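Here are the chains, one letter per residue:
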Amino acid sequence: MSVFYSSITGRPAKVLSGIKRRISAFTRSCNISRFKIGITSNPQRRWKEYNQDGYDEMLVLYESSSINSVSSLEYDLINHNWECCDNLVAGGGGGIAAVSPYYLYIVIKH
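These remarks concern the structure in this document. The shown structure was predicted, so the numbers you read here are calculated from the model rather than taken from an experiment. (Residues numbered from 1 in each chain as written. Predicted model: local features only at pLDDT ≥ 70, side-chain atom pairs only at ≥ 80, totals over all residues. Heavy atoms only, no water.)

1. A short note on the pairing of strand S2 (residues 34–40)
(1) Moving on: The element S2 is largely enclosed, with a buried count of five among its seven residues.
(2) Moving on: The pairing of S2 with strand S4 (residues 102–109) spans seven bridges and is antiparallel. Bridge pairing in S4 links Ile39 to Leu104. (Buried < 20%, exposed > 50% of the residue type's maximum accessible area, 1.4 Å probe, protein only. Helix = DSSP H or I, 4+ residues; strand = E, 2+ residues; numbered from the N terminus. Pairing = 2+ DSSP bridges.)

Below, the structure is given as structure tokens:
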């Protein structure tokens, strides 16, 4: 499949609950077997890596010029979904480029 952009912006404290609801609704209603939450500065490049690992879709949920804002959301969302997501650590598991904007995404397997 592909990358779908449905991103919002704003301070992490203001958008966290909305993104939690979006992830919950998406994973409950879309016949998802597995999912992973992450950040990147290049969604298309990152999607190619996940697609090779067998993931079916990527949904870009949040965009910011602040790596701290995106990292904070990633950490909170992984902790919130820890029991059911594929993440091995609660944020910061991979490297990130020094170029903004930064994106928070979810990848899914059906």
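2. As for the state of the cysteines
(1) Moving on: In total, this model carries zero disulfides according to the counting rule given.
(2) Moving on: Between Cys85, a free cysteine, and Cys84, which holds the nearest cysteine sulfur, the sulfur-to-sulfur gap is 6.2 Å.
(3) Moving on: Overall, the relative accessible area of 10% leaves Cys85 in the buried class. (Disulfide = S-S within 2.5 Å.)

3. Considering the environment of Tyr50
(1) Moving on: Along the chain, Tyr50 falls in helix H2 (residues 43–52).
(2) Moving on: A relative accessible area of 3% means that Tyr50 is categorised as buried.
(3) Moving on: Sequence separation of Tyr50 and Gly38 is twelve residues, and the distance between their C-alpha atoms is 11 Å.
(4) Moving on: The residues contacting Tyr50, other than those within four sequence positions of it, are Lys36, Tyr55, Met58, Tyr105 and Val107.
(5) Moving on: A distance of 3.0 Å separates the side chain of Tyr50 from the side chain of Tyr105, its partner in a polar contact. (Contact = heavy atoms within 4.5 Å. Polar contact = N/O pair within 3.5 Å; in protein donor to acceptor, adjacent residues only side chain to side chain.)

4. Some remarks on the sheet that holds strand S3 (residues 57–64)
(1) Moving on: Sheet architecture is open: four strands sit in the order S1-S3-S4-S2, paired in mixed fashion. A strand with exactly one partner marks an edge of an open sheet, and here the two such strands are strand S1 (3–8) and S2. For this sheet, the mean angle separating the axes of adjacent strands, direction not counted, is 20 degrees.
(2) Moving on: Across four bridges, S1 lies against S3 in parallel orientation. The residue bridging Phe4 from the neighbouring strand is Leu59, located in S3.
(3) Moving on: In the packing of H2 onto the sheet, the strands contacted are S1, S2, S3 and S4, and the crossing angle to S3 comes to about 150 degrees.
(4) Moving on: Lying over the sheet, helix H3 (residues 67–80) contacts S2, S3 and S4, oriented at roughly 165 degrees with respect to S2. (Axes fitted to C-alpha atoms, helices over the stretch in contact; angles between N-to-C directions.)

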